[in-house]
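# Chain and residue survey
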Amino acid sequence: MRISLNTSKWYDNIWASFIFFTRLPFWRLHEPPKESYRTVVEHWPLTGWLTGGIMAAVIYFGGMILPYTIAVLMAIVARLLITGALHEDGLTDFFDGFGGGGNNRQRILDIMKDSRTGTFGVVGIVMYLLILFFALTAMPAKLAALTVLAADPYSKMLAGQIIMMMPYARTEEESKAHVVYRKMNIKAGISLFIQGMAPLAPLVLTCWGLVRWDLIIFIPGLVMYFLYLLIWRRLRGYTGDCCGAMFLLIELSFYLTVSSQFFNNRQLWTLFS
């Protein structure tokens, strides 16, 4: 008789994802096995339910007692604190590497791994945060909250596809987290899809018939595709920094698409006024 040596629980992979992608002390309650950290991307959108939900709550309820611009700024800061600026660090390294490394694959990888931040990284992250802030403040509080709740998991779902589209660009020992994500099976892919699409429901139901859903869904997907082409052309593989950068840039395109439709749609103005 064979005895299984696998003692992992059904929730270990989910728990590992929350530990990996946030700085909240989930590890104090339970420490999953190391192998579970190879699956964290499979539950990445689920962590977006938490970060997006908190950010949406700060925008909506904060806007009731504070000037709206301050509420949006506090929401951005809240997510930075929850995630430890994990994705923003990846975006900064991405800008540095792809901005300063040219077409030299090894130089790009070396720059991205360097702990120092260069000019491309500083300018890139400042511009990203400014565009994010103004895209959110261009929408009323309720619409911004619903959009954040939808955009965070949806964008993580799209960004997570990169691990299926190309190999890891480094070895496991060279990676910052010392983890290489495993390829997803069909079950994990379906789960990822549900995690990413379900939070769209409140936005869809609220704005049904008033916005171009094809644009809201398609434009972030198009941004994901062009980022994939850029990463594949330069690196022939992905890194953790590429994943974080891809998520934030896809999410930003989601916000810009919704805010532009609100700006040009009088029916939305009436609905949220």
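Everything numeric here is computed off the predicted structure, so don't read it as measured data. (Residues numbered from 1 in each chain as written. Predicted model: local features only at pLDDT ≥ 70, side-chain atom pairs only at ≥ 80, totals over all residues. Heavy atoms only, no water.)

### Some words on the packing of aromatic side chains
Tallied over the full model, the rule gives 15 aromatic pairs. With a centroid separation of 5.2 Å and an interplanar angle of 15°, the aromatic rings of Phe21 and Trp44 are classed as stacked. In this pair, Phe21 is assigned in helix 1 (residues 12-21) and Trp44 in helix 2 (residues 44-65), connecting sequence segments 23 residues apart. Residue class for Trp44 comes out buried when judged on its relative accessible area of 2%. Both rings, one in Tyr225 and one in Tyr228, keep their centres 6.2 Å apart while their planes meet at 40°; by these two values the pair is tilted. A residue pair is termed a helical-turn pair when its members lie 3 or 4 positions apart in one helix, as Tyr225 and Tyr228 do in helix 11 (residues 213-235) at three residues. Take Tyr225: its relative accessible area is 41%, and that puts it in the partly exposed class. Classification of Tyr228 by relative accessible area gives buried; the value is 16%. Grouping aromatic residues by their ring pairs yields a cluster made of Phe20, Phe21, Trp44, Tyr168, Tyr181, Tyr238 and Phe247. A cation over an aromatic ring shows up here: Lys156 above the ring of Phe247, its NZ or CZ 4.9 Å from the ring centre. (Phe/Tyr/Trp six-rings, centres within 6.5 Å; stacked < 30°, edge-to-face > 60°. Helix = DSSP H or I, 4+ residues; strand = E, 2+ residues; numbered from the N terminus. Buried < 20%, exposed > 50% of the residue type's maximum accessible area, 1.4 Å probe, protein only. Lys NZ or Arg CZ within 6 Å of the ring centre and 35° of its normal.)

### As for the nonpolar core
Counting residues in each nonpolar core, the largest one holds 77 residues, and the members touching the most others are Leu136, Tyr181, Ile231, Tyr238, Met246 and Phe254. Ignoring any residue separated from it by four or fewer positions in sequence, one finds Met246 in contact with Ala159, Ile162, Met224, Leu227, Tyr228 and Ile231. (Core = buried A, V, L, I, M, F, W, Y, C linked by side-chain atoms within 4.5 Å. Contact = heavy atoms within 4.5 Å.)

### With respect to the environment of Pro220
You can see Pro220 is positioned in helix 11. Between the C-alpha atom of Pro220 and that of Ser155, which follows or precedes it by 65 residues, the distance is 7.4 Å. In this view, Pro220 contacts Tyr154, Leu158, Leu215, Ile250, Ser253 and Phe254; residues no more than four positions away in its chain are not counted.

### Considering the pattern of salt bridges
Counted according to the given criterion, the structure contains seven salt bridges. Salt-bridge contacts for Asp214 lead to Arg212; the nearest nitrogen and oxygen are separated by 2.8 Å. Look at Asp214 and you get partly exposed, because its relative accessible area is 41%. (Salt bridge = Lys/Arg side-chain N within 4 Å of Asp/Glu carboxyl O.)

### Let's talk about a nonpolar patch on the surface
A cluster of nonpolar side chains, contributed by Val122, Val123, Val126, Met127, Leu130, Ile131, Phe134 and Leu256, occupies part of the molecular surface with about 680 Å² of accessible area. If you tally residues by element for the nonpolar patch, the top one is helix 6 (residues 119-137), at seven residues. Summarising the element assignment, Val122 is placed in helix 6. Residue classification places Val122 among the partly exposed positions, given a relative accessible area of 41%. (Patch = residues over 30% accessible without salt bridge, like charges linked within 9 Å, V, L, I, M, F, W, Y side chains within 5 Å. Areas by Shrake-Rupley, 256 points an atom, 1.4 Å probe, with all protein chains shown as cover.)

### Details of unusual backbone geometry
If you check the backbone angles, Ala85 has positive phi at about 55° while not being a glycine. Structurally, Ala85 is set in the loop between helix 3 (68-83) and helix 4 (86-100).

### Some words on the confidence of the model for the protein
Do not read the predicted coordinates in detail wherever pLDDT is low. Scored by pLDDT, the protein has a mean of 91; 94% of the residues are at 70 or more. Mean pLDDT across the elements of the protein ranges from a minimum in helix 13 (residues 266-272), with 71, to a maximum in helix 3, with 97. (pLDDT = per-residue confidence, 0-100.)

### Observations concerning the environment of Cys242
Inspection of the secondary structure assignment puts Cys242 in helix 12 (residues 240-263). On the basis of relative accessible area, Cys242 is assigned to the buried category, the value being 0%. Between the C-alpha atoms of Cys242 and Ala159, which are 83 residues apart in sequence, the distance is 9.0 Å.

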